[in-house]
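Structural features, examined
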Amino acid sequence: MQKSVVPVIQRTQTALKATTHCPYCAFQCGMHISGTLEQAEISGNQAFPVNQGRMCAKGWNAAATLQHPERLLSPLRRTASGRFEPISWDDALALITHSFQDIQARYGRDALGIFGGGSLTNEKAYLLGKFARVALGTSQIDYNGRFCMSSAASASITAFGIDRGLPFPVSDIAQAEVVLLVGSNIAETMPPLMQYFEEQRQSGGQLIVVDPRGSLTARSAHLHLRITPGTDAALANGLLHILIRDGLLDQDYIEARTEGFERVKALVATYWPSRVERITGIPEAQLIQVARMLGHARSAMILTARGAEQQSQGVNNVLSYINIALALGLVGRAASGYGCLTGQGNGQGGREHGQKADQLPGYRKLNDPAARRFIADIWGIAEEDLPGPGRSAYEMLDTLGEEGAIRGLLVMGSNMAVSAPRALHVQERLRALDFLVVADFFLSETAQMADIVLPSAQWAEEEGTMTNLEGRVLYRQRAFSPPVGVRTDSEIICSLAQALGKGAFFSFTEPATIFAELRKASAGGVADYAGITYEKIAQQQGVFWPCPTPEHPGTPRLFQERFFTASGRAKFSPVRHQAPAEEPDDQYPLYLTTGRVLAQYQSGTQTRRVDRLNEMAPQPFLEVHPSTARLYGINDGDMVTARTRRGEASFCARVTSTIREDTIFVPFHWGGAQAINRLTNPALDPTSRMPEFKVCAVRIERAVASLAMEV
Ligand SMILES: Nc1nc2c(c(=O)[nH]1)N[C@H]1C(S)=C(S)[C@@H](COP(=O)(O)OP(=O)(O)OC[C@H]3O[C@@H](n4cnc5c(=O)[nH]c(N)nc54)[C@H](O)[C@@H]3O)O[C@H]1N2
Ligand SMILES: Nc1nc2c(c(=O)[nH]1)N[C@H]1C(S)=C(S)[C@@H](COP(=O)(O)OP(=O)(O)OC[C@H]3O[C@@H](n4cnc5c(=O)[nH]c(N)nc54)[C@H](O)[C@@H]3O)O[C@H]1N2
Ligand code: SF4
Ligand SMILES: [Mo]
């Protein structure tokens, strides 16, 4: 085989030095980076109060992607023969401008769409939203947070009038007597967060984990509730039923600080323990034990993550857990409350500054006339020129290329060919586009389908702010210059705006000037960043929003006095348990659930290119219970084919007694034939539009040898 020539990565600046944050998850570990181009050194930032110097394998190996031989170093164009050829930036920008203008002239403004991501800095998320509305005049922009955060966000806005993942610093976890951790596998998804749970345990605290699998996290807990997938609302209603029955509520709090309890009380009356045991598979005795642990604790927290949220009932699931937190008077009390563990690096900030279909900066609503006037003024456009709300992420992908839908798409910060539900269909829709542009560091599976690929700078090559899972705004320092030929996303957006004749609205020369405008645009909004500066972030080790003025210290803890609803009270929501969109039947007798492993990140574009991480997690696997495996004649290590109504794929079996007998689990970090999203169900939550990644019906069989060879 001929060896391809590895391109030389050249930079104008080669010394590396920065105090920054990890490029991956929402824990945003503080790190120092130093050394040389050839040998970058990464160390944990001991002074940063969130990770306190600790990191996981992804963070320790984060420098490996910077000098990676597969980095994109020039724009690429797909030729008639389907191959990519390098082209100049001028040519790339001219081709994009021409195609964009042509598509809008033929099909209207909304025929162009933008798909952003929760890994983009606040500055870039803000700029992308402005680019869609001002430079393209399209309503069609959404982002991958719709697959991630949207259910908890909707529920929190309904209950509390605000959506900040954790309304308290992570260090509060260590002080909580009892923590109910729902659908979260932090031992793999945010390992350094475990230090607070360890501290909690050492002070006599207890951890209860709700998960259909005995995940690494569940195995470290005092109690593991092995829930039937898709039944969280029944569990939460059942716990509240027992709390009411046993008189364990905080009546004073309910009266003083909440509204709507009576309707919830009436509704949960029918969720008696034996019924809830039948639905959830959790023994009555355990239900009573958990209710008592929560009800008698002086401080308690309920934390949810994707397990309960990525469902067609995701919003209801979260609301039902919030009902418990309110009934016990936990929200706003010391070392207590409800929180959602945000996932992506900037999953929090990414949902505040306007890359969401229905949103303007500062977490303002796009259909609120006052918000429209305020932002239109800042942007220097007429209010009537601001488009209205557009389609949500999956609805956008589902209709790409169709009559009246999006014909040209710009993707920045997502690899939906791997990560979207029903991925084969999404790939077909991507192929149906007239024009696809992808900005990425590598030729991701989605970039491979593009007409034009633009090479973007990575985390250590640009400055900017990120907002972590606590709502703490952080500053990423630039460590060195991007490779020659590579541009930052901000430069890309601004130069595209220029080429489209809208340069006057995008005359930003550096992230700091974008942040200055973001601060103004967020002023007076829910997510108010007006008082946050890069300098203040450095001085305070991050600033918690809301922070409305330069003198304001920021707000680490919310809800101590009031909620952000019109009445200032928190709202109970009566929630009925409803089955997931697809349940096991004769044809597809098992549940399929999906999630993550420690060493890989998301669609894997970055981490599958890091040798050390690939050694730790080289391929996906299918977790199956020994009795189920026996039933199908499957041994540990066999190739197993899994099929749903949407597709099939084969995986290596991992037989483990920690998972439920009726459930299999596959991680989603791989593309091609082993992408589990070929099988997942795109049923959406009616409010959040979150797809049901966590539950669908599946059948399995031992793969024939030839099939095993193929993958
Ligand atoms: N290593 C690694 N870390 C990551 C990421 C990564 O890709 N890799 N991604 C980051 C991002 S963007 C996110 S969103 C977070 C996600 O972080 P988590 O939410 O912790 O991760 P998941 O593995 O998706 O899901 C958590 C658990 O939900 C369980 N589950 C499945 N179905 C149900 C159900 O019906 N009810 C309940 N209660 N639980 C259920 C699964 O078995 C799984 O163990 O991780 C972040 N951190
Ligand atoms: N089956 C299943 N599917 C899931 C999930 C699940 O639990 N199960 N979880 C869902 C969740 S929670 C999430 S968050 C999504 C995530 O899935 P994706 O939206 O695909 O997210 P990433 O894999 O992080 O993709 C980011 C892409 O953008 C590139 N990128 C990263 N940062 C930047 C940047 O700053 N600029 C540019 N230009 N490019 C960048 C990366 O190289 C990568 O190719 O997956 C969802 N899909
Ligand atoms: S991936 Fe998350 S937990 Fe791991 S080092 Fe990075 S920020 Fe920290
Ligand atoms: Mo996520």
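If you're wondering where the values come from, they're calculated on a predicted model, not measured in any experiment.

**Quick word on the UniProt feature "domain: 4Fe-4S Mo/W bis-MGD-type" (unreviewed entry) in the protein**
UniProt's entry tags residues 15–68 with the feature "domain: 4Fe-4S Mo/W bis-MGD-type" (unreviewed entry), counted in the numbering of this structure. Along residues 15–68 one finds 7% helix and 31% strand; the C-alpha atoms at either end are 17 Å apart.

**Quick notes on the sheet that holds strand S13 (residues 337–340)**
Strand order in this open sheet of 5 strands is S10-S9-S8-S12-S13, and the pairing throughout is parallel. Both edges of this open sheet fall to strand S10 (223–225) and S13, since each of them pairs with a single strand only. Here the strands of the sheet are splayed against their neighbours by 15 degrees on average, with no regard to which way each runs. One ladder, built from 3 bridges, connects strand S9 (residues 206–210) with S10; its direction is parallel. Following the sheet pairing, Ile208 is matched in S10 by Leu223.

**Here we look at helix H6 (residues 194–202)**
Restricting attention to buried positions, one finds in H6 the residues Met194, Gln195, Tyr196, Phe197 and Gln200. Of the surrounding elements, those touching the buried residues of H6 are strand S8 (178–182), helix H5 (186–189), S9 and strand S12 (300–304). Trailing H6 by a residue or two, Gly204 shows a phi angle of about 90 degrees, which is positive.

**Considering the sheet that holds strand S2 (residues 30–35)**
Spatially, S1-S2-S3 is the arrangement adopted by the 3 strands of the open sheet, whose pairing is antiparallel. Two strands in the sheet have a free side with no partner beyond their single neighbour: strand S1 (16–21) and strand S3 (40–44). The mean inter-strand angle of the sheet, taken between neighbouring strand axes irrespective of direction, is 20 degrees. By the bridge criterion, 5 bridges tie S2 to S3 in an arrangement that is antiparallel. Looking across to S3, one finds that His32 is bridged to Ser43.

**Considerations on the environment of Tyr632**
Structurally, Tyr632 is set in the loop between helix H23 (626–631) and strand S25 (639–643). When its relative accessible area of 25% is taken as the criterion, Tyr632 is described as partly exposed. Linking Tyr632 and Glu701, residues 69 residues apart in sequence, is a C-alpha distance of 6.3 Å. When sequence neighbours within four positions are dropped, the list of residues in contact with Tyr632 reads Pro589, Leu590 and Ile700.

The rules behind each value
- Residues numbered from 1 in each chain as written.
- Chains lettered and ligands numbered in written order.
- Predicted model: local features only at pLDDT ≥ 70, side-chain atom pairs only at ≥ 80, totals over all residues.
- Heavy atoms only, no water.
- UniProt positions renumbered as here; feature names shortened; annotations may be inferred.
- Helix = DSSP H or I, 4+ residues; strand = E, 2+ residues; numbered from the N terminus.
- Pairing = 2+ DSSP bridges.
- Axes fitted to C-alpha atoms, helices over the stretch in contact; angles between N-to-C directions.
- Buried < 20%, exposed > 50% of the residue type's maximum accessible area, 1.4 Å probe, protein only.
- Contact = heavy atoms within 4.5 Å.

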